[in-house]
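Residue strings, one per chain:
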Amino acid sequence: MERKVNRIYLASEPDIIHFLQVAWEKTLGSGFVITLTDGQSAWTGTVCESEISQEADDMAMEKEKYVDELRKALVSGAGPTDTYKFNFSKESCHFSFEKNLKDVSFRLGSFNLEKVANPAEVIRELICRCLDTIAENQAKNEHLQKENERLLRDWNDVQGRFEKCVSAKEALETDLYKRFILVLNEKKAKIRSLNKLLNEVQELEKNIEHKRETPTCSEMTTDRDAIYDESTDEESEIPPNPSPAAVRRDDSIISSPDVTDIAPTRKRRQRMQKNLGTEPKMASQEHRLQEKEKGHGFDPWPGKMPRSN
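Residues numbered from 1 in each chain as written. Predicted model: local features only at pLDDT ≥ 70, side-chain atom pairs only at ≥ 80, totals over all residues. Heavy atoms only, no water.

Novice: I tried to follow the environment of Gly-31 on my own but got confused; where do I start?
Specialist: On the secondary structure map, Gly-31 appears in strand E3 (residues 31-37). On the basis of relative accessible area, Gly-31 is assigned to the buried category, the value being 13%. Sequence separation between Gly-31 and Glu-49 is 18 residues; the distance between their C-alpha atoms is 4.7 Å. Apart from residues no more than four positions distant in its own chain, Gly-31 is found in contact with Trp-24, Val-47, Cys-48, Glu-49 and Ile-52. (Helix = DSSP H or I, 4+ residues; strand = E, 2+ residues; numbered from the N terminus. Buried < 20%, exposed > 50% of the residue type's maximum accessible area, 1.4 Å probe, protein only. Contact = heavy atoms within 4.5 Å.)

Novice: When you look at the pattern of salt bridges in this model, what are you seeing that I'm missing?
Specialist: When charged atoms on two side chains of opposite charge get close, those side chains can pair. Counted under the stated rule, the structure contains 13 salt bridges. In this structure, Glu-49 and Lys-63 form a salt bridge, with 2.8 Å as the shortest nitrogen-oxygen distance. Remark: Lys-63 occurs in helix H2 (residues 63-75) and Glu-49 occurs in helix H1 (residues 49-58); sequence separation between them is 14 residues. Taking the relative accessible area as the measure of exposure, Lys-63 reaches 27% and is therefore partly exposed. For the salt bridge of Lys-99 with Glu-69, the shortest nitrogen-to-oxygen distance reads 3.2 Å. Of this pair, Lys-99 sits in strand E6 (residues 94-101) while Glu-69 sits in helix H2, and the two are 30 residues apart along the sequence. The exposure classification of Lys-99 matches that of Glu-69, with both residues buried. Where salt bridges share partners, they join Glu-13, Asp-38 and Lys-90 into one cluster. (Salt bridge = Lys/Arg side-chain N within 4 Å of Asp/Glu carboxyl O.)

Novice: Is there a simple way to explain the nonpolar core in this structure?
Specialist: What tends to happen in soluble globular proteins is that the nonpolar side chains get buried as a cluster. Grouped together as the largest cluster of nonpolar side chains are 30 residues, with contacts concentrated most on Phe-32, Leu-74, Phe-95 and Phe-97. Among the elements of the structure, strand E2 (17-24), E3, strand E4 (42-48), H1, H2, strand E5 (84-89), E6 and strand E7 (104-112) are those that each provide at least two residues to this core. For this core, the element with the highest residue contribution is H2, accounting for six residues. Excluding residues within four positions of it along the chain, Leu-74 makes contact with Asn-6, Leu-20, Val-22, Phe-32, Phe-86, Phe-95 and Phe-97. (Core = buried A, V, L, I, M, F, W, Y, C linked by side-chain atoms within 4.5 Å.)

Novice: Just to check I follow, could you spell out the packing of H1 against H2 for this structure?
Specialist: At a closest axis distance of 9 Å, the pairing of H1 and H2 adopts a crossing angle of 105 degrees. On the basis of the axis angle, H1 is roughly perpendicular to H2. Mapping the contact onto sequence places Glu-49, Ile-52, Ser-53, Glu-55 and Ala-56 in H1 and Lys-63, Tyr-66, Val-67 and Leu-70 in H2. Grouping the amino acids of the contact of H1 with H2 by side-chain chemistry returns five nonpolar, one polar and three charged. (Axes fitted to C-alpha atoms, helices over the stretch in contact; angles between N-to-C directions. Parallel < 35°, antiparallel > 145°, perpendicular 65-115°, else oblique. Nonpolar A, V, L, I, M, F, W, Y, C, P; charged D, E, K, R; others polar.)

Novice: Mind showing me how you'd approach the sheet that holds E6 here?
Specialist: As a general point, the strands of a sheet are linked pairwise by backbone hydrogen bonds and lie either parallel or antiparallel. Spatially, three strands are ordered E5-E6-E7 in an open sheet, and the strand pairing comes out antiparallel. Looking along the sheet, the strands with just one partner apiece sit at the ends: E5 and E7. Recorded for the sheet is a direction-independent mean angle of 20 degrees between the axes of neighbouring strands. Across six bridges, the pairing between E5 and E6 is antiparallel. (Pairing = 2+ DSSP bridges.)

Novice: Explain H1 to me, please; I cannot follow it from the model alone.
Specialist: Turn by turn, an α-helix covers 3.6 residues, leaving residues three or four places apart pointing in a common direction. What H1 keeps buried is the set Ile-52, Glu-55 and Ala-56. Axial view of H1: buried residues confined to an arc of 100 degrees, hence all on one face. Exposed and facing more than 90 degrees away from the buried side of H1 are Asp-57 and Asp-58. Tucked inside the fold, the buried residues of H1 contact E3, E4, H2 and E7. Looking at the residues trailing H1, positive phi occurs at Ala-60, about 55 degrees. (Arc of directions from axis to C-beta.)

Novice: Honestly, the sheet that holds strand E1 (residues 2-9) in this entry has me stumped. Any pointers?
Specialist: Sheet architecture is open: five strands sit in the order E1-E2-E3-E4-E8, paired in antiparallel fashion. Strands at the two margins of the open sheet, each flanked by one partner only, are E1 and strand E8 (114-115). Here eight bridges tie E1 to E2, and the two strands are oriented antiparallel to one another. Bridging across to E2, Asn-6 finds its partner in Leu-20. Along the sheet, H1 makes contact with E3 and E4, crossing E4 at roughly 80 degrees.

Now the structure itself:
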């Protein structure tokens, strides 16, 4: 059974200290035993679960909330100036308590107690219970103190290890940073050298292309000049290898007497330019004509007088 002893002050006797003990088996809402004493006399009573439910219904409160209010009033131990107010009548052995809310107060509960025939035994039990509680609390405090000391040692140990880990981490970071700087500088130097080599190769390629372009331009100029010269020579010079028919035709023209009317010759030349494909045939016809003229003395242009040289 769980017990709780508190010190309270009655409204009718505020200068006298009373001790209130509340004991319960499972929960406070399942019922409890209340004992009140002033150090000389003692009163006790039992509150069942049905009475707690009836009180909660009378106050129009939920049972859980009402039990919580009982715990605060009976177990927490309110003083004379606190929220809860206690009343007890020794004649009727009626115990009640109220809750003050500013200027308003309402009754939380009331129980009928019975006077104990042997109060000394009840007081002795209360004192023993208080001593046992003090011993338990002291043992708990000692255990908690030892636990706190152990946790403090563990914390100091962990803090020392953490500081060592931090120092090792910083040293490792410094070493890695130094190595990184060395590798980075090497990579930068290699990149600079490769970049310089690339620039040199590009410059060399540009020079080679420039040298190739310069002779090409000069050759193109020379070729254009040669083509121009050749075309001029062709226009100005006589073909080196004229055909035999053309040579004989020229000889016949030179040996023939001068003719003032050049129209037939012009017409013949025009026909020759239009019909290049028939030039050999025409040449052979002219050759036979000339031979016939030489053999028979035929004059192609009769009535024309020869021009004096």
